[in-house]
Amino acid sequence: ATDGPGGKTRFEHARDEARRIVEDLSRGDRAIVIAFADEARVLTPMTNSRAALRAALDGLAPTDRPTRLADALHRVNALVAGEERAPALYVFTDG
């Protein structure tokens, strides 16, 4: 459904916002893309490659599966444990 401004879906708006974050990464910043619905899927390792992050975002598609945000957050915590800097966490959803 095109239920958002400009004829875009909520999913497309969420993905566009995630792309903006990727483009705004500073030199030396790293990010990871994790997709979640009924399970969390790691789509990229922790990386500073904007191309890899964009490719992961571009490969996403909406699902009709339930959302288990808590499971995804646990996965994120495990993946960033031991990082030198406390990471910023951005959650994008179409729900």
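No experiment lies behind these values; they were computed from the predicted model shown.

1. Here we look at helix α2 (residues 50–58)
- Those residues of α2 not exposed but buried are Leu-53, Ala-56 and Leu-57. An end-on view of α2 places all buried positions within 100° of arc, on one side of the element.
- Each element contacted by the buried residues of α2 is listed here: α1 (10–23).

2. With respect to the side chain of Asp-29
- Inspection of the secondary structure assignment puts Asp-29 in the loop between α1 and β1 (34–36).
- A polar side-chain atom of Asp-29 sits 2.8 Å from the main-chain amide nitrogen of Ser-26.
- Those residues in contact with Asp-29, other than ones at most four positions away along the chain, are Thr-47, Asn-48 and Arg-85.

3. So, the packing of α1 against α2
- Packing of α1 against α2 leaves a shortest axis separation of 10 Å and a crossing angle of 175°. Taken together, the axes of α1 and α2 lie roughly antiparallel to each other. The segment α1 lies against α2, with Arg-15, Ala-18, Arg-19, Val-22 and Glu-23 engaging Arg-50, Leu-53, Arg-54, Leu-57 and Asp-58.
- When its residues are assigned to classes, the contact of α1 with α2 shows 4 nonpolar, no polar and 6 charged.

4. Thoughts on the confidence of the model for the protein
- Looking at the protein, the pLDDT average stands at 89 and 95% of residues meet or exceed 70.
- At the low end of the mean pLDDT range in the protein sits helix α3 (residues 69–80), at 89; at the high end sits α2, at 97.

5. Some points on the nonpolar core
- Among the nonpolar cores identified, the biggest contains 8 residues, and these are Ala-18, Val-22, Leu-25, Ala-31, Val-33, Leu-53, Ala-56 and Leu-57.
- Put simply, the parts of the chain that give this core at least two residues each are α1 and α2.
- Looking at which element gives the most residues to this core, the answer is α2, with 3 residues.

6. Overview of α3
- Taking 1.5 Å of rise per residue, 12 residues should cover 16 Å, and α3 covers 17 Å from first to last C-alpha, within 8% of that figure.
- Every buried residue belonging to α3 is among Ala-72, Val-76 and Val-80, and all of these are buried. Down the axis of α3, the buried side of the element spans an arc of 60°, and every buried residue falls inside it. With respect to the buried face of α3, the exposed residues turned more than 90 degrees away are His-74, Asn-77 and Ala-78.
- In this structure, the buried side of α3 is in contact with β1 and β2 (40–42).

7. A few points about a nonpolar patch on the surface
- A surface patch of nonpolar side chains, amounting to about 240 Å² of accessible area, comprises Leu-69, Leu-89 and Val-91.
- The residue Leu-89 is located in the segment after α3 in this model.

8. Side note on the pattern of salt bridges
- Enumeration over the complete set of coordinates arrives at 8 salt bridges.
- Arg-19 is the partner of Asp-16 in a salt bridge, and the nearest nitrogen-oxygen pair spans 3.0 Å. Of the two residues, Asp-16 and Arg-19 both sit in helix α1, 3 residues apart, roughly one turn of that helix.
- Taking relative accessible area as the criterion, Arg-19 reaches 26% and is therefore assigned partly exposed.
- What emerges from the salt-bridge pattern is a single network uniting Lys-8, Asp-16, Arg-19 and Asp-58.

What counts as what
Residues numbered from 1 in each chain as written. Predicted model: local features only at pLDDT ≥ 70, side-chain atom pairs only at ≥ 80, totals over all residues. Heavy atoms only, no water. Buried < 20%, exposed > 50% of the residue type's maximum accessible area, 1.4 Å probe, protein only. Helix = DSSP H or I, 4+ residues; strand = E, 2+ residues; numbered from the N terminus. Arc of directions from axis to C-beta. Contact = heavy atoms within 4.5 Å. Polar contact = N/O pair within 3.5 Å; in protein donor to acceptor, adjacent residues only side chain to side chain. Axes fitted to C-alpha atoms, helices over the stretch in contact; angles between N-to-C directions. Parallel < 35°, antiparallel > 145°, perpendicular 65-115°, else oblique. Nonpolar A, V, L, I, M, F, W, Y, C, P; charged D, E, K, R; others polar. pLDDT = per-residue confidence, 0-100. Core = buried A, V, L, I, M, F, W, Y, C linked by side-chain atoms within 4.5 Å. Expected span 1.5 Å × (residues − 1). Patch = residues over 30% accessible without salt bridge, like charges linked within 9 Å, V, L, I, M, F, W, Y side chains within 5 Å. Areas by Shrake-Rupley, 256 points an atom, 1.4 Å probe, with all protein chains shown as cover. Salt bridge = Lys/Arg side-chain N within 4 Å of Asp/Glu carboxyl O.

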